[in-house]
Amino acid sequence: MQKEQTPQVPPRIRTPQTVENTQSTQPDTHPAVPTRIVSQPLCDSRLVSLDDDSDDYEDPDLFYPAVHRLNTPDREMTLQVPGERKGRYSSLCSDDEMLDDDESTQWQDGGISNQQGSVYLPSSGKLPAPTKEDSSQLTAVIKMGWLDKNPPQGALYYQRRWVKLDVDYLRYFDNDKDVYSKGIISTAFITNVTSVGEVKFEVVTNNRTFIFRAESEVERNDWVTVLQDCTRGRQPRSTMSPSSPLTPDYQGYLELRGLRSKLYTVVASDKVFLYKNIEDYRIGVGITTIEMNVGNVKETDRRCFDLTTPYRIFSFIAESEQLREQWVDAMRDAIGEALSNREVAERIWAEPSNSLCADCGALKPEWAAINLCVVVCKRCAGEHRGLGPSISKVRSLKMDRKVWTEELIQVFLLLGNERVNSFWAANVPPSEALTPSSCSEERRRFIGNKYRQGKYRKYHPLYGNQGELNNALCINVQCSDVLETLSLIFCGADVNCSTGMASWPSPLSLANAHSQPLQAELISRNLNTELPRSEVVGDMDPIHYSAPTCVSHNGFLFKTASMARAITERKGKEEFSRRWCTLNDGTFSYYESDKNSNPNGALKASEIVCLAVEPPEKHGYDHTFELYSESERLYLFGTDDPDSHKEWVKSIAKSFIPATAEPLLRLGFERIGRLKCKDGLNLQTSKVGWFALVGSTLHAYLADSQGEEIHLRKLNELSIQQDNEVLVLVERGRTLYIEGERKLDFADWCTAIQAAAGSGGDTLSQQQLTETDIPVIVHSCIGYITQCGLTSEGIYRKSGVNSRVAALCERFRRDARSLRLREGEHQVDDVSNTLKRFFRELEEGLFTSKDASTWLSAAAIQDESMKISQYQLLLNRLPHVNKATLQALINHLYCVQRFSEMNQMNLHNLAIVFGPTLFQTDGKDFTAGRAIEDLIQHYTSIFEVDEQQLKRQLEEITAIIRMREKLSTKFPSTEPGGHFICTVYLEEKKDTAEQHVKIPGSMTAAELICEVLDRRNITVRDKEYWSCWEISDKEEMERPLHYQERVLPILHSFGTDSHLLIKKHVAMDAMIGYLAGKGDASKHGMMKFREERSILGLGLSSGSFHDRYFILNSNSLRMYKEVRSNRPERDWPVKNLKVYLGVKKKLRPPTCWGLTVVYESKKQEKPERQQWYLCCDTQSEMREWYATFLSIQYDGDLWPQDGLQQTRVSRVLPDARHGNVSLIPLRGSENEMRNSVAAFSQDPLALFRDVR
Ligand SMILES: [Zn+2]
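Below: a short report on this structure. (Residues numbered from 1 in each chain as written. Predicted model: local features only at pLDDT ≥ 70, side-chain atom pairs only at ≥ 80, totals over all residues. Heavy atoms only, no water.)

What follows deals with the overall build of the chain. When its secondary structure is counted, the chain shows 33 helices and 46 strands. Buried positions account for 54% of the 1252 residues belonging to the chain. The contacts of the chain with a sequence gap of at least 6 include a subset with a gap of at least 24, amounting to 61%. Surface summary for the chain: the accessible area is close to 54600 Å², and the carbon and sulfur share equals 49%. (Helix = DSSP H or I, 4+ residues; strand = E, 2+ residues; numbered from the N terminus. Buried < 20%, exposed > 50% of the residue type's maximum accessible area, 1.4 Å probe, protein only. Contact = heavy atoms within 4.5 Å. Areas by Shrake-Rupley, 256 points an atom, 1.4 Å probe, with all protein chains shown as cover.)

In structure tokens form, the structure reads like this:
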């Protein structure tokens, strides 16, 4: 180290090993300060930092310590940290310039470079949209590129830096692959950005000026513009967000191992910020931020702890053990924050329209105005905050964890930006609309207009009439229509008005009383909201809720005798009698003739429950309709005059349909009427709904809500349940239960709805469709092939088994929705051929008979760009369903050929197969193939595909393939016999201890143990209790399988973080001894108990261990608050408990004798899983409890009397049941698919890690 004092040495010398070696073994002293500097006035390094009032962050003194600074004698400020992956040293330095001669090694890692490399843009690149690059930098990058940065105080040379700008920070990095920056400048502290000579510009903060040099003038100007945009009008302290370091959760000085001076470290929400010192912190100039969603914190030694991220390990040393605890706690909280936060955001975004800012349309908005029910981006959120909390209550989806109650989340999912904007932004002039790139000025104006003035909102019909508004609010909060409540509130209804009811005096209490928690949530968020004050003042005519208008109509109709059953047979003219009919004063009457004054019969309009219009010529009279009465009678009327028929249908419908459902009358319905129903929001009480069936669309008005349409061919499920009493319609996001209040009309509704939901013919649009308007059959086949067939050689070229293909086609035709393609059950080549056959036989074809030849002639166009635009033109001429289907198919084929190394189906091969199929030609004409080849090859430009999205899709597919490979090593696909090969470890989990064992369905743990021991030639001695353990690394728990327990179900039940291990059960002897000395298997006593309390379903736990008294007997485990309590707090059936040894350390068990208990109830209707923890004071206590559990569960049979060997039986044929296990559910949205893949790995983050 002596050499460092000599002036000739280059500015910085890295001597990692040396530095490592000089570290003091006494952590209490400054470890990195070599002892040789005793002659220098050695200060506490913190003081050094505080004294540092140089106005330059780069601190040039550190280059020339002898000249400039006496109190910083040691210029070796590098930190040596072992790189996580390669065991290589990487270095961190708080000082930029110190590292400049060492570009390649600092902050490096192999892990993310690929990821980043694929994302960054050329230096001039401006990102078109926020890009999610890696999980550690979630904020959208506004601009990034290479710049030269001037070191401080006039040094003449520049350093090349990779510079990134997001809304909050300007960050600069050594290179474009680094995750952790060299420096960050908070944009909130930037006071000015100006161009200076050459191609330079200055970024000015109150205390410092940073000079950057661009490569060109254009580039420089661009930087200046975006920086000015970004910093203009920002007020450092008022726009403070919860994740800002200015609102820290914990802060102070921490030493980074190997670094001489301490760093001022700030934990704020889900991030950790590092600053050189507290002064820098105050002026918003830091070193780097660490996103804690990828962090892990581990205590290492007394005052030390490691913060590990995939990119590097930060080894911190706190000032005392006690402070270490606090730092660790704070950082762990930050991790919890980061993880749970994403959960809220991701849940909110599950409603598609919530993934775009409600105000400007920016992607993935992370903020919300919780009273206005809009999800907005960060920049818009800033303007919302400017309106003040009395108008907009702004919260973060990612940071304000506590505010996001289940109800609030549900409100946001139910409403969604799109529906809410149908109110807030019903009348936005295009010239005023925002875009993601609108400037702050425009945003402020628009958001003020929208919410403060309510300028663009859709006026409620009752606007201006306070009494009626309040009244309507009181009525509406009793039903589930939250949007109407929003509209009422923001059109002036008073949320604090009196309902006039003593027991429920306010709308809030009324909503609660009617089990409308979402209504209550919305109201309670607006109890003191300042309502929009429109500047447009005008007289609005008050409109009242009106009673149905009186209808009157009369004329001759032909009528059959009324009956109590459905009419299935054709009624000839002779069965009808001519009647004079009148509709008057809400009564429909029929008379012998128009001369009679006493009707033969009458039906009150209020008794009519359904009116069905029969298809023409069903009966003897050409035009007929049926009326269903409340008392379950059916009346059939007919006429030959279509106009008269129409008139009657209209008039009768009008007489019994209430004003609230009045728009139904304007439809050309086949059937209209009322039914009782329930939906997902309130299953306790059913309500009256008014329905009209038109083609394959069911129009509905439920209670007082707005009309909605249910597209029957797009339903996820349609079934009749509970002995034909409930019709269940499942569509995305909700389930509607229609109840059979009366048998007669209900049965006919069911028939009609089912018919309407089936595929209506052989054209594309007549198929059952997905939400995105793709035929279910296409969606299912593509999904299946994507999951199971992409690696299958010759996919789409090989033919399937004809009879099976035909059967599949038929099943799809009958009800595509109900068919689930399953691996094992269905063969890849059968499915691929089913898809081909569907397109080949499609009436009108995918390209429509009208345009098919034009598509083919486009293929002959020579000029590529002309050709592409011709395709685009044709694409836009296709009917919507055809277009969506074509895009889905080409997207799929594009993916197939991307994996052609595995499946051998390259672009050309696919085109040869699909050309004649899609154009329905005989295959002699090669233009069909050429057209398909074009479509696949130019897929991204013809369909204007978002490349990022496509890239993600391909990554996902790669992940699926990898996952399947992983699964197939763990549970290799079923062999002919239907058993699995699994990896079992002997004594220790390491490669050399691996055994691959075939596991037939019938294999018991004892058999597995014997098999493995046999292979290794291990003889079992007396009192050696070799057991097979189920070990979960993630939960840090293990459980010996009972010797008779079947192995295969265990393998199926656990994820990739668990494994099987054969090792001795050392406590078994003690347990058997304990049980032998005891009369009955029961036990009671104190244990410490802790529950896995789930925050937002994430399984993040909170709380701690508490003493509880337990009684365990032959059928249940009961928990009492204390010994004297006479009623148990909890009571679990022992047979549903799985008890594991060990409690994960994260939960801080008070003793090391812990048990993890999993309670699983597999009741059909409500499967349940809970996990909780017990801690005993001593090891023997724990063994006794554990032995008692086992003894009860296995009837005292803990170990075979004559040893394991004797339990072996000759193997029977393997259990074939497991042959068809579908590893990954195949149907459902992309999201579901992703979730199920993730669920399979039992670790939702694992998949994302894999993708990376
Ligand atoms: Zn926005």
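Attention now moves to the sheet that holds strand β18 (residues 367–369). Spatial strand order, β19-β18-β20: three strands in an open sheet with antiparallel pairing. With partners counted over all chains shown, the strands left at the sheet margins are β19 (374–376) and β20 (394–396), one partner each. Each strand of the sheet is rotated relative to its neighbour by a mean of 30°, with strand direction disregarded. Looking at chain direction, β18 and β20 are connected through three bridges and run antiparallel. In the strand pairing of β20, alanine 368 is matched with arginine 395. Relative to the sheet, helix α9 (residues 406–424) contacts β18 and β19, its axis offset from that of β19 by approximately 90°. (Pairing = 2+ DSSP bridges. Axes fitted to C-alpha atoms, helices over the stretch in contact; angles between N-to-C directions.)

Tyr796, Phe847, Trp855 and Leu886 are the most contacted members of the largest nonpolar core, which has 69 residues in total. With ten residues, the single largest contributor to this core is helix α22 (residues 880–898). (Core = buried A, V, L, I, M, F, W, Y, C linked by side-chain atoms within 4.5 Å.)

The protein atoms that coordinate the zinc ion are Cys357 (SG), Cys360 (SG), Cys377 (SG) and Cys380 (SG), at distances of 2.2 to 2.3 Å. Coordination at the zinc ion is tetrahedral: its four donor atoms span angles of 103 to 117° at the metal. (Donors = N, O, S within 2.8 Å, 3.2 Å for Na, K, Ca; no water. Tetrahedral: all angles 85-135°; square planar, octahedral: opposite > 155°, others 65-115°.)

A full pass over the atoms with the stated rule returns eight cavities of 30 Å³ or more. Estimated volume of the largest cavity: approximately 110 Å³. Considering the residues around the largest cavity, the lining is formed by 13 residues, among which Leu1041, His1042, Met1068, Leu1190 and Leu1198 are closest to the centre. The residue makeup of the lining of the largest cavity, split by class, is eight nonpolar, three polar and two charged. (1 Å grid on protein atoms, 1.4 Å probe; cavity = no way out; pocket = protein on both sides within 12 Å on 5 of 7 lines; lining within 4 Å. Points joined across faces, edges and corners; volume = space filled by probe spheres on them. Nonpolar A, V, L, I, M, F, W, Y, C, P; charged D, E, K, R; others polar.)

The antiparallel open sheet is built from seven strands, whose spatial order is β14-β12-β11-β10-β17-β16-β15. This sheet does not close on itself; its edge strands, each paired only once, are β14 (288–291) and β15 (296–301). Across the sheet, the mean angle separating the axes of adjacent strands is 35° when strand polarity is ignored. The pairing of strand β12 (residues 271–275) with β14 spans four bridges and is classified as antiparallel.

Here helix α5 (residues 217–231) spans 21 Å end to end across 15 residues, near enough to the 21 Å set by a 1.5 Å rise per residue. Of all the residues in α5, the buried ones are Glu219, Arg220, Asp222, Trp223, Val224, Val226, Leu227, Cys230 and Thr231. Check the buried side of α5 and you find it contacts β3 (141–149), β4 (159–166), β5 (169–173), β7 (190–196) and β8 (200–205). (Expected span 1.5 Å × (residues − 1).)

So, on to the packing of α9 against helix α12 (residues 482–490). Where α9 meets α12, the axes come as close as 9 Å, and the angle between the chain directions of the two elements is 50°. Judged by the angle between their axes, α9 and α12 are oblique. By crossing handedness, the relation of α9 to α12 is classed as right-handed. Along the contact surface, α9 presents Val411, Leu414, Leu415, Arg419, Val420, Ser422, Phe423 and Trp424, while α12 presents Val482, Leu483, Leu486, Ser487 and Phe490. (Parallel < 35°, antiparallel > 145°, perpendicular 65-115°, else oblique. Left-handed = near helix turned anticlockwise from the far one by under 90°.)

Let us now look at the state of the cysteines. In the structure shown here, the tally under the stated rule is zero disulfides. As a non-bridged cysteine, cysteine 809 has cysteine 781 as the owner of its nearest cysteine sulfur, 8.0 Å distant. (Disulfide = S-S within 2.5 Å.)

Here we come to the pattern of salt bridges. Side-chain pairing between opposite charges can occur once the charged atoms of the two side chains come close. What the rule picks out here adds up to 62 salt bridges. Through salt bridges that share partners, Glu630, Arg674, Glu741, Arg742 and Asp745 make up one connected network. (Salt bridge = Lys/Arg side-chain N within 4 Å of Asp/Glu carboxyl O.)

Across seven bridges, strand β40 (residues 1083–1091) lies against strand β41 (residues 1106–1112) in antiparallel orientation. Bridge assignment links histidine 1084 to a residue of β41, and that residue is isoleucine 1111. Where β40 meets strand β46 (residues 1168–1176), four bridges bridge the pair, whose relative direction is antiparallel. Within β46, the position partnered with phenylalanine 1089 by the bridge is leucine 1174.

Coordinates in, geometry out; function isn't part of it.
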